[in-house]
Amino acid sequence: MALFSFMPVFSASSNLAYIGHGTGNTLGYLLKHLAHICIGFLIIYWVHKVPYHYFRAISKIALPIVWFLLLYTLLKGTVIAGANASRWIQVPFIGITFQTSTLASIVLFIYVARYLSKTKEENEPFQTSLIQLWIPVFITLMLILPANFSTTALIFAMVLMLTFIGKYPLKYIGFIIGSGIAMLAFFLLVAKAFPDSRFFSRVSTWESRITNFTTDKPDEDDYQIEKAKIAIASGKLGGLGPGKSVQKNFLPQSSSDFIYAIIVEEYGLVGGVSIVILYLLLLFRFVIASHKAPTLFGKLVVVGVGFPMIFQAMINMAVAVELLPVTGQTLPLISSGGSSIWMTCLGLGIIISVTKKEEEIAEEKLEKEKRKEALQRLIDKELAEDDVIPQEVYDEEPAYSIEDNSRNPMNAVLSK
């Protein structure tokens, strides 16, 4: 999927090229995407070399660091290309923008998996789990919510799914869902009371998107959806051909949020369905990896890190065909954007680390069986050699007979 992404990104970046420097030359965007993919593959390689049980301790240490980054993002959010960019921070001296919520989600999922695996054999009271599990979860969500409601909702849903798989009591999950809804309602009430605050500036955008999704009132999001639907309808069965998209010149986020519409326009229904099948195949591999993981922590890590990628992809494609309101979720491994690609690759590296451990255990077991068989063959060979007495022994030793007519039948042996 990452290799396939070069063609639609190269094609869809023409709009950004015209807006950026008026030339329409997309080579720079292609090289930038190539650099992002290469760094992502390096991240996969480096992370998969780390034994996955190390992430148990890393998540506990990294969570407060992530909280600091999220708080810094809220305070230092800037405007980039006319859009609200409070989801990103700029790395000093490098100039690369980084979306902190993607890193926060991975760290939080591993932290939840760690807690659930730790308390598997213990029946901890709800008060203890509230302090050790849910308060860190809600702190993370509240730091993401003001800038990104869709990511907050996705993370909360994935945490609930993870706790359900980890056999957390259902009555407690129901209470947490109710508490989450109540906290969201309180947040919206505060936003209504302070509409001019920068922390609540996105609330009006959420309301307008939901309202416009349920009605036919035209606005900017409706414009994007209409152009995406035109692109999908233009693709028909076989598509217009690589690079021949027309709507990429009108869609503002053609290389990121709405790249699926460009793919369908250029590669048709065949290309669109193929992308869906690839994501479902990836989901199937995640299920197998989770099933084969040697520990409960490994199983929960694969589910917690892998499943959100698939759900994010489905949300992105659902937005393109107007099954959901506009959310701003990218298409993992295909959309342009450095932090999105890197965090997806980080998650894949962690999952490969879990599966690698399972393969190592199988290898060690096979090696152990081979050593056991070799030792048994050596023992059998020694026993066989002991049973064969060399002829020289008979020649050197005096002749004797074990036949004895004396009263003591052991005399023959004793004499020998």
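Residues numbered from 1 in each chain as written. Predicted model: local features only at pLDDT ≥ 70, side-chain atom pairs only at ≥ 80, totals over all residues. Heavy atoms only, no water.

Enquirer: Would you explain the overall build of the protein in this entry?
Expert: Along the protein, the regular secondary structure elements total 15 helices and four strands. Counting every atom, the protein has about 23,000 Å² of accessible surface; 66% of that belongs to carbon and sulfur. (Helix = DSSP H or I, 4+ residues; strand = E, 2+ residues; numbered from the N terminus. Areas by Shrake-Rupley, 256 points an atom, 1.4 Å probe, with all protein chains shown as cover.)

Enquirer: I tried to follow the nonpolar core on my own but got confused; where do I start?
Expert: Buried together is how nonpolar side chains tend to be arranged in soluble globular proteins. Counting 94 residues, the largest nonpolar core has Trp 134 and Phe 286 as the members making the most contacts within it. In terms of residue count, helix α12 (residues 296-320) provides more of this core than any other element does, 14 residues in total. Here Trp 134 is in contact with Ser 129, Val 159, Leu 160, Thr 163, Tyr 168 and Ile 176, once residues within four sequence places are set aside. One finds Leu 145, Ala 191, Val 203 and Trp 206 within the second-largest nonpolar core, a separate group that totals six residues. (Core = buried A, V, L, I, M, F, W, Y, C linked by side-chain atoms within 4.5 Å. Buried < 20%, exposed > 50% of the residue type's maximum accessible area, 1.4 Å probe, protein only. Contact = heavy atoms within 4.5 Å.)

Enquirer: What is the right way to look at helix α11 (residues 259-292) in this model?
Expert: Residues lying three or four places apart along an α-helix face the same way, a consequence of the helix completing one turn every 3.6 residues. Look at α11: only 34 Å from first C-alpha to last across 34 residues, short of the 50 Å you get at 1.5 Å a residue. Its maximal kink placed at Gly 268, α11 deviates by approximately 130°. (Expected span 1.5 Å × (residues − 1). Bend = angle between axes of the 7 residues up to and from the residue.)

Enquirer: Would you mind showing me how to read the side chain of Thr 151 here?
Expert: In this fold, Thr 151 is placed in helix α7 (residues 149-165). Look at Thr 151 and you get buried, because its relative accessible area is 11%.

Enquirer: How do you make sense of the pattern of salt bridges when you look at a structure like this?
Expert: Think of it this way: side chains of opposite charge can pair up when their charged atoms draw near. This model, assessed by the stated rule, comprises two salt bridges. Here Lys 229 ties to Glu 226 by a salt bridge, and the two come within 4.0 Å at their closest N and O atoms. Residue Lys 229 and its partner Glu 226 are both found in helix α10 (residues 220-235); the two are separated by three residues, about one turn of the helix. A salt bridge links Glu 322 to Lys 229, with the shortest nitrogen-to-oxygen separation between them at 2.7 Å. Of this pair, Glu 322 sits in the loop between α12 and α13 (338-387) while Lys 229 is found in helix α10, placing the two residues 93 residues apart along the sequence. (Salt bridge = Lys/Arg side-chain N within 4 Å of Asp/Glu carboxyl O.)

Enquirer: Just to check I follow, could you spell out helix α3 (residues 27-48) for this structure?
Expert: With 22 residues, α3 extends 32 Å from end C-alpha to end C-alpha; this agrees with the ideal 32 Å at 1.5 Å per step. Of the residues making up α3, those classed as buried are Leu 30, His 33, His 36, Ile 37, Gly 40, Ile 43, Ile 44, Val 47 and His 48. Viewed end-on, α3 has its buried residues packed into an arc of 140°, placing them on one side of the element. For α3, the exposed residues set more than 90 degrees away from the buried face come down to Lys 32 and Trp 46. (Arc of directions from axis to C-beta.)

Enquirer: Mind showing me how you'd approach unusual backbone geometry here?
Expert: With glycine set apart, most residues show a phi of negative sign, and most peptide bonds adopt trans. At Lys 167, a residue that is not glycine, the phi angle is positive and equals roughly 65°. Mapped onto the elements of the fold, Lys 167 is located in the loop between α7 and α8 (170-193). In this structure Lys 167 comes out as exposed when scored by relative accessible area, which is 76%. Residue Leu 333 is not a glycine yet carries a positive backbone phi of 75°. Along the chain, the position of Leu 333 falls in the loop between α12 and α13.

Enquirer: Just checking my understanding: could you explain the packing of α7 against α8 for this structure?
Expert: The description of two packed helices rests on the angle between their axes and on the distance between the axes. The contact between α7 and α8 brings their axes to 10 Å, and the two run at 170°. As judged from the angle between their axes, α7 and α8 are roughly antiparallel. Here α7 contributes Phe 149, Phe 156, Leu 160, Thr 163 and Phe 164 to the contact with α8, which in turn contributes Leu 170, Ile 173, Ile 176, Ile 177, Gly 180 and Leu 184. (Axes fitted to C-alpha atoms, helices over the stretch in contact; angles between N-to-C directions. Parallel < 35°, antiparallel > 145°, perpendicular 65-115°, else oblique.)

Function cannot be inferred from these measures alone, as they are strictly geometric.
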